[in-house]
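What the coordinates show
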Amino acid sequence: MFLTICFILGIANFSMHKAVAESGHPIVEETKRTFGRHFGPYGSYAIELALLIGAMWLAHAGSLSVLLLYTAYTAINGVATWLLLSNKA
């Protein structure tokens, strides 16, 4: 059950990540330029994937605390996405 929840949260994180990356918001564009110089155009997706794989691996081992932390991470991403896409940031 923990693994399934992590997977669903990962889908939500990736879709929020894509929406923000394609938003054209000035903060995001500046971050992409700076981040892209060091990690390439898809470096942020690689970091997101590493977080998901780590969370799923530990969730498969039965770690409730990792599931709660990844849920909190997803909630924070949701708030940040809402702020950026609604031009409140």
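Coordinates for the structure precede this section.
The structure displayed is predicted, hence computed values, not measured ones. (Residues numbered from 1 in each chain as written. Predicted model: local features only at pLDDT ≥ 70, side-chain atom pairs only at ≥ 80, totals over all residues. Heavy atoms only, no water.)

**What about the overall build of the chain?**
- Each helix and strand counted, the chain has four helices and zero strands in total.
- Starting at the N terminus, the α and β elements of the chain follow one another as α-α-α-α.
- The C-alpha extent of the chain, read off along each of the three principal axes, is 40 × 30 × 15 Å.
- Buried positions account for 26% of the 89 residues belonging to the chain.
- When contacts within the chain are restricted to residue pairs at least 6 apart in sequence, those whose partners lie at least 24 apart make up 76%. (Helix = DSSP H or I, 4+ residues; strand = E, 2+ residues; numbered from the N terminus. Buried < 20%, exposed > 50% of the residue type's maximum accessible area, 1.4 Å probe, protein only. Contact = heavy atoms within 4.5 Å.)

**Some thoughts on the side chain of E48**
- By secondary structure assignment, the location of E48 is in helix α3 (residues 43-60).
- No salt bridge is formed by the buried E48. Its closest oppositely charged neighbour is K32, at 14 Å.
- Here the side chain of E48 touches Y73 through a polar contact of 3.2 Å, side chain to side chain.
- For E48, the residues in contact, after removing those within four places along its chain, are N13, F14, H17, Y70, Y73 and N77. (Lys, Arg positive; Asp, Glu negative; His and termini not counted. Salt bridge = Lys/Arg side-chain N within 4 Å of Asp/Glu carboxyl O. Polar contact = N/O pair within 3.5 Å; in protein donor to acceptor, adjacent residues only side chain to side chain.)

**Some remarks on the packing of aromatic side chains**
- Applying the stated criterion to the full structure yields four aromatic pairs.
- Members of the aromatic cluster, each reached through a chain of ring pairs, are F14, Y42 and Y45. (Phe/Tyr/Trp six-rings, centres within 6.5 Å; stacked < 30°, edge-to-face > 60°.)

**Focus: α3**
- Across its 18 residues, α3 extends 26 Å between first and last C-alpha, which sits within 8% of the 26 Å expected from 1.5 Å per residue.
- Looking only at α3, the buried set comprises G43, E48, L52, A55 and A59.
- Structurally, α3 contributes buried residues whose contacts are with α1 (2-21), α2 (26-39) and α4 (64-85).
- Following α3 by one or two positions, G62 adopts a phi angle in the positive range, close to 95 degrees. (Expected span 1.5 Å × (residues − 1).)

**Things to note about the nonpolar core**
- One finds C6, L9, L52, A55, A59, V66, L67 and Y70 forming the largest nonpolar core, which totals eight residues.
- Among the elements of the structure, α1, α3 and α4 are those that each provide at least two residues to this core.
- With near-sequence residues (within four places) excluded, A55 lies in contact with C6, V66 and Y70. (Core = buried A, V, L, I, M, F, W, Y, C linked by side-chain atoms within 4.5 Å.)

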